[in-house]
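# Structural characterization, general
Chain residues, written in single-letter form:
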Amino acid sequence: MKRLNLVLGAALIAAGLTSCKNDAEMAAEKSVDRYESFVDSIDRLGDEERVANWEAIEAQYETRLAEAEAALENLKDREGAETRINDKKTKYDEVKMEASQNMNQAADSGQTLWISFFGEGNGVGNDMDFTWVNKDNILGVYENFVSTFEANKDNYSREDFDKIKNWYEALDARKNTVEKEGLSAEDNRKIAELKVEFAPKFKWERMTAKGEENETAKEAAE
């Protein structure tokens, strides 16, 4: 009886070890699967969404890759898993290159838009540096901003409208500083008139542009 118990005990221990090993292998397989699925999901994203979220995508990619590579130790078919991981690495590199090109194009486009509103040599759009705006030139900056928008409002994309909104708000914040530096009452009054003219028009055009883009995306999905 004692011997039988020992045999049964050994069998249970062996079964437990096998179970643990199977659990570890299953977990490892899931890690590789998650890595592959993540790369595939990035590949399916639209260009704009990738560009807007690339930093987060890259951070998550590194985490998923590290998990998948660590899981190799627990896989029987390590060579096959390595091949799968390397295939997705190649796919990710292709997606990353495309995203990089799109980000560069977006940056160039954004700078061109910035120049149209503020002129060349007056700061950089991404930095939104408005220190060059002072009490002597701020009225002209507002006048050019409003007239540029009016002349080109039908050509702006949703992303353009978002940039313009951010720039306008930053320009207004700069105005608060300039007022303390001796902005004349006459210039201040004219700027106030421009703001009253611009604000409702911009809000309407931006809302319309977003609605049209959503409708286009809906039609494309059908």
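Residues numbered from 1 in each chain as written. Predicted model: local features only at pLDDT ≥ 70, side-chain atom pairs only at ≥ 80, totals over all residues. Heavy atoms only, no water.

### Here's the deal with the packing of aromatic side chains
Enumeration over the complete set of coordinates arrives at 26 aromatic pairs. Centre to centre, the rings of Tyr35 and Tyr61 are 5.7 Å apart; their planes meet at 45°, and the pair counts as tilted. A residue pair is termed long-range when its members are at least 10 positions apart, and Tyr35 in helix H1 (residues 2-44) and Tyr61 in helix H3 (residues 54-71) qualify at 26 residues. What makes Tyr35 buried here is its relative accessible area of 0%. Ring plane angle 50° and centroid distance 4.5 Å describe the contact between Trp114 and Phe118, whose orientation is recorded as tilted. Residue Trp114 and its partner Phe118 are both found in helix H4 (residues 78-118); the two are separated by 4 residues, about one turn of the helix. Take Trp114 and Phe118: they sit in the same class, and that class is buried. (Phe/Tyr/Trp six-rings, centres within 6.5 Å; stacked < 30°, edge-to-face > 60°. Helix = DSSP H or I, 4+ residues; strand = E, 2+ residues; numbered from the N terminus. Buried < 20%, exposed > 50% of the residue type's maximum accessible area, 1.4 Å probe, protein only.)

### A short note on the nonpolar core
Counting residues in hydrophobic clusters, the biggest one holds 28 residues, and the most contacted among them are Phe117, Phe118, Phe130 and Phe145. Secondary-structure elements contributing two or more residues to this core are H4, helix H5 (138-152), helix H6 (158-180) and helix H7 (185-221). In contact with Phe130, other than residues within four places in its own chain, are Trp114, Phe118, Trp167, Ala170, Leu171 and Arg174. Formed by 19 residues, the second largest nonpolar core is a distinct cluster that contains Trp54, Ala81, Tyr92 and Ala99. (Core = buried A, V, L, I, M, F, W, Y, C linked by side-chain atoms within 4.5 Å. Contact = heavy atoms within 4.5 Å.)

### Description of the confidence of the model for the chain
Overall, the prediction assigns the chain a mean pLDDT of 82, with 82% of residues at 70 or greater. When mean pLDDT is taken per element in the chain, H5 scores highest with 96 and H1 scores lowest with 69. Every residue in residues 2-15 is under pLDDT 50, and counting partners more than four places away or in other chains gives 0 contacts. (pLDDT = per-residue confidence, 0-100.)

### Here we look at H6
In this model, H6 (23 residues) spans 34 Å end to end at C-alpha, consistent with the 33 Å of a helix rising 1.5 Å per residue. Those residues of H6 lying buried are Asp160, Phe161, Ile164, Trp167, Tyr168, Ala170, Leu171, Asp172, Arg174, Lys175 and Val178. Looking one or two residues past H6, Gly182 carries a phi angle of roughly 105°, positive in sign. (Expected span 1.5 Å × (residues − 1).)

### What about the pattern of salt bridges?
Following the criterion strictly, the structure yields 25 salt bridges and no others. A salt bridge links Lys201 to Glu150; the shortest N-O distance between them is 2.9 Å. Placement of the pair is Lys201 in helix H7 and Glu150 in helix H5, with a sequence separation of 51 residues. We classify Lys201 as partly exposed; its relative accessible area is 29%. With a relative accessible area of 35%, Glu150 lands in the partly exposed category. Overlapping salt bridges, with partners in common, bring together Glu29, Asp33, Glu36 and Arg84 in one network. (Salt bridge = Lys/Arg side-chain N within 4 Å of Asp/Glu carboxyl O.)

### Concerning the packing of H5 against H6
Direction vectors running N to C along H5 and H6 enclose 160°, while the axes themselves pass 11 Å from each other. Between H5 and H6, the interaxial angle falls into the category roughly antiparallel. Crossing geometry of H5 relative to H6 is assigned as left-handed. Only Phe161, Ile164, Trp167, Tyr168, Leu171, Asp172, Lys175 and Val178 of H6 make contact with H5, whose side of the interface consists of Ile138, Val141, Tyr142, Phe145 and Phe149. A per-class count over the contact of H5 with H6 returns 11 nonpolar, no polar and 2 charged. (Axes fitted to C-alpha atoms, helices over the stretch in contact; angles between N-to-C directions. Parallel < 35°, antiparallel > 145°, perpendicular 65-115°, else oblique. Left-handed = near helix turned anticlockwise from the far one by under 90°. Nonpolar A, V, L, I, M, F, W, Y, C, P; charged D, E, K, R; others polar.)

### Points about the side chain of Lys175
Assignment of secondary structure puts Lys175 in helix H6. For Lys175, a relative accessible area of 9% puts it in the buried group. With residues near it in sequence (within four places) discarded, Lys175 still touches Ile138, Tyr142, Asn188 and Ile191.

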